[in-house]
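Topology and contacts: notes
Spelled out from the first residue to the last, the chains are:
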Amino acid sequence: MRIYLLVIYCLFLQSCKTTYDLVIQNAKVFDTKQGVLLSNKTILINKDTIVKIIDNNISEKGRKVINAAGKLVTPGIIDTHVHPTDIFGDYAAAPKYLAEDSLPFLRKKFSDNYLPFGITAVMIMGQPEAWLKPILNWSANTAANCTDIYTAGGALISKEERKPYIGHITVESPLAARQKIIKYYDLGIRHIKLYYRLRRPEFEAAFKTADSLGMKIYGHIDGGVMLMDTTLLIGLKNYEHLFTIIHSIPFTTENDKNYKAWVNNIYGKGKSDSLSFIEEFLNEVRWNSENQSLKIDSLINNLAMQHTSFSTTIHLFAEKIGLAYFSNRDNKPDINWSEKIVKHNVENFNIFMLLAKKMYDKGIQIRIGTDCANGGKAALSEQLLLYEYGFSIPEIIKISTINGARALGMENKYGSIEKGKKADLIIYDQSPFDNYKNFLADRTVIKDGKVFNDPPKK
């Protein structure tokens, strides 16, 4: 009789157990906060939220059960710097507004560039203001089959003679800068981008207003009006693009003269003033690294002491010189470069990547921020490039997930696999810990607790 009652009691307890919406069993979970792998774990999910992570030896019921069979599970990737203009058009030919009857198509088109590759959240760092209403609506109404989208509005610049780039917004005075920030805040925007063409009075007004409202502030500080040391004094912590650091190394007149002579010796007489943007940057990296290394080290130390973060944007340069893993140009170097110049710029890129590793090792928080038209492909390309230049697999996963979440002030939702976080996950068919090129492996993407079925378009 006692045995019978015990069996009945056990069956009763079993019937009372919670049935979860999704159970992922036998997972190898990467803990992005501690940087360690946790084996034999089960992830329990209800709706779009992780409820708990338990050991495999505890049995739980699920409406859908995935046996990960020891595969690696990480949080979804966060791209902290994207532009819809790269997908809906470009700087020269983007639509003035997003037509109402095209919005579902455009949202899917945007997400299809990211979500199949495991990019579950993105931050738009500038788009035409006429596009803000639908983008904010997408942001407020997330969907399991779409990447989460956040926006910083239009990147702010000061009034000048040049025509503003698409997605950049002119503020003509400190008052106008303050009013623009308040307007964005009232619209529900909680992130703001300050561009290098912003004068200090407008910059400070925008920064102080946004900071007082608790907004996250990002700066593309690329020489121009102010250098990074100045913006650090104002309080800026989040910077866009690793490459911009080199333009905050001051050039004396003598430096400029010597640099141009060096470039002309490589490219030919008079070529120093006609380099492309990417060539100019790559050459400046090399010249400064060889001639002003102490100034670079001083700036890096200052940025590290202030606990700053930088978006990556390295695929953009790698593609130009034929080193990227995805390319719209058949991954060939610039057709206008001679073999000698290609070799020269590959060497320059190597120096840039060594600089990026130095910044990371000093404590600067690097985060994925692709800023190019290749979408999720660019993020995967950057993961591979980071490994090839000395970053470890744990570091790359952290750069791709928790570092971005922290820089966006969204670590309560994204970036790690733990109770209360959004159930945005990647299950890799083959682990990058076994071979770094498995960052390109097939994967199961979980978005808002649901399996996303569209495979990546390789």
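Details of the structure are given in the entry above.
Residues numbered from 1 in each chain as written. Predicted model: local features only at pLDDT ≥ 70, side-chain atom pairs only at ≥ 80, totals over all residues. Heavy atoms only, no water.

**A look at the overall build of the protein chain**
Helices and strands together make up the secondary structure of the protein chain, namely 15 helices and 18 strands. The C-alpha atoms of the protein chain give 24 Å as radius of gyration, which agrees with the globular expectation for 458 residues (23 Å, within 12%). Projecting the C-alpha coordinates of the protein chain onto the three principal axes gives extents of approximately 100 × 50 × 45 Å. The buried share of the protein chain, reckoned over its 458 residues, is 53%. Of the contacts formed within the protein chain by residues at least 6 apart in sequence, a portion of 74% connects residues at least 24 apart. (Helix = DSSP H or I, 4+ residues; strand = E, 2+ residues; numbered from the N terminus. Rg over C-alpha atoms; globule rule 2.2 N^0.38 Å. Buried < 20%, exposed > 50% of the residue type's maximum accessible area, 1.4 Å probe, protein only. Contact = heavy atoms within 4.5 Å.)

**Considering the environment of Phe 277**
Note that Phe 277 resides in helix 9 (residues 277-291). Overall, Phe 277 belongs to the partly exposed group, its relative accessible area being 39%. Sequence-distant contacts of Phe 277, defined by excluding residues within four places in its chain, comprise Phe 243 and Phe 317.

**With respect to the packing of aromatic side chains**
Scanning all chains against the criterion turns up 24 aromatic pairs. Look at Tyr 150 and Tyr 414: their rings are 6.2 Å apart centre to centre, the planes differ by 75°, and that puts the pair in the edge-to-face class. Separated by 264 residues along the polypeptide, Tyr 150 in strand 8 (residues 148-151) and Tyr 414 in the loop between helix 15 (402-407) and strand 16 (425-428) bring together distant segments of the chain. Of the residues examined, Tyr 414 reaches a relative accessible area of 4% and is grouped as buried. (Phe/Tyr/Trp six-rings, centres within 6.5 Å; stacked < 30°, edge-to-face > 60°.)

**Regarding the pattern of salt bridges**
Throughout the structure, instances matching the rule amount to 22 salt bridges. One salt bridge in this structure joins Glu 290 and Arg 286, with 3.4 Å as the shortest N-O distance. With Glu 290 and Arg 286 both in helix 9 and four residues apart, the pair spans about one turn of that helix. The partner of Lys 421 in a salt bridge is Glu 418, and the shortest N-O contact between them spans 3.0 Å. Bridged by salt links that share partners, the residues Asp 148, Lys 422, Lys 447 and Asp 448 form one connected network. (Salt bridge = Lys/Arg side-chain N within 4 Å of Asp/Glu carboxyl O.)

**Details of the pairing of strand 3 (residues 49-55)**
Sheet faces and side chains relate simply in a regular strand, where the side chains alternate between the two faces. One ladder, built from six bridges, connects strand 2 (residues 36-46) with strand 3; its direction is antiparallel. Note that in strand 3 the partner of Asn 46 across the bridge is Thr 49. Here strand 2 folds back onto strand 3 in antiparallel fashion, the turn holding two residues, of which Lys 47 has a positive phi close to 55°. (Pairing = 2+ DSSP bridges.)

**Thoughts on the sheet that holds strand 6 (residues 77-82)**
Strand order in the open sheet formed by three strands is 6-7-8, and the pairing between neighbours is parallel. The strands lining the two open edges of the sheet, one partner per strand, are strand 6 and strand 8. Shown here is a sheet whose adjacent strand axes are inclined to one another by a mean of 20°, direction ignored. (Axes fitted to C-alpha atoms, helices over the stretch in contact; angles between N-to-C directions.)

**Brief notes about unusual backbone geometry**
Even without glycine at this site, Asn 40 takes up a positive phi of about 55°. Checked against the element boundaries, Asn 40 lands in strand 2. Overall, the relative accessible area of 52% leaves Asn 40 in the exposed class. Backbone geometry places Thr 313, a non-glycine residue, at a positive phi of 55°.

**Brief notes about the packing of helix 8 (residues 253-267) against helix 9**
Helix packing for two helices is described by the angle between their axes and how far apart those axes are. The geometry of helix 8 relative to helix 9 is characterised by a closest axis approach of 11 Å and an angle of 115° between their N-to-C directions. At the point where helix 8 passes helix 9, the crossing takes the right-handed sense. Touching Asn 255, Asn 258, Tyr 259, Trp 262, Val 263 and Tyr 267 of helix 8 are Glu 279, Glu 280, Asn 283, Glu 284, Arg 286 and Trp 287, all from helix 9. Here the contact of helix 8 with helix 9 is built from residues that sort into five nonpolar, three polar and four charged. (Left-handed = near helix turned anticlockwise from the far one by under 90°. Nonpolar A, V, L, I, M, F, W, Y, C, P; charged D, E, K, R; others polar.)

**Points about the side chain of Glu 202**
Summarising the element assignment, Glu 202 is placed in helix 6 (residues 200-212). Other than its neighbours up to four places away in sequence, Glu 202 contacts Ser 158, Val 171, Glu 172, Ser 173, Pro 174 and Ala 177.

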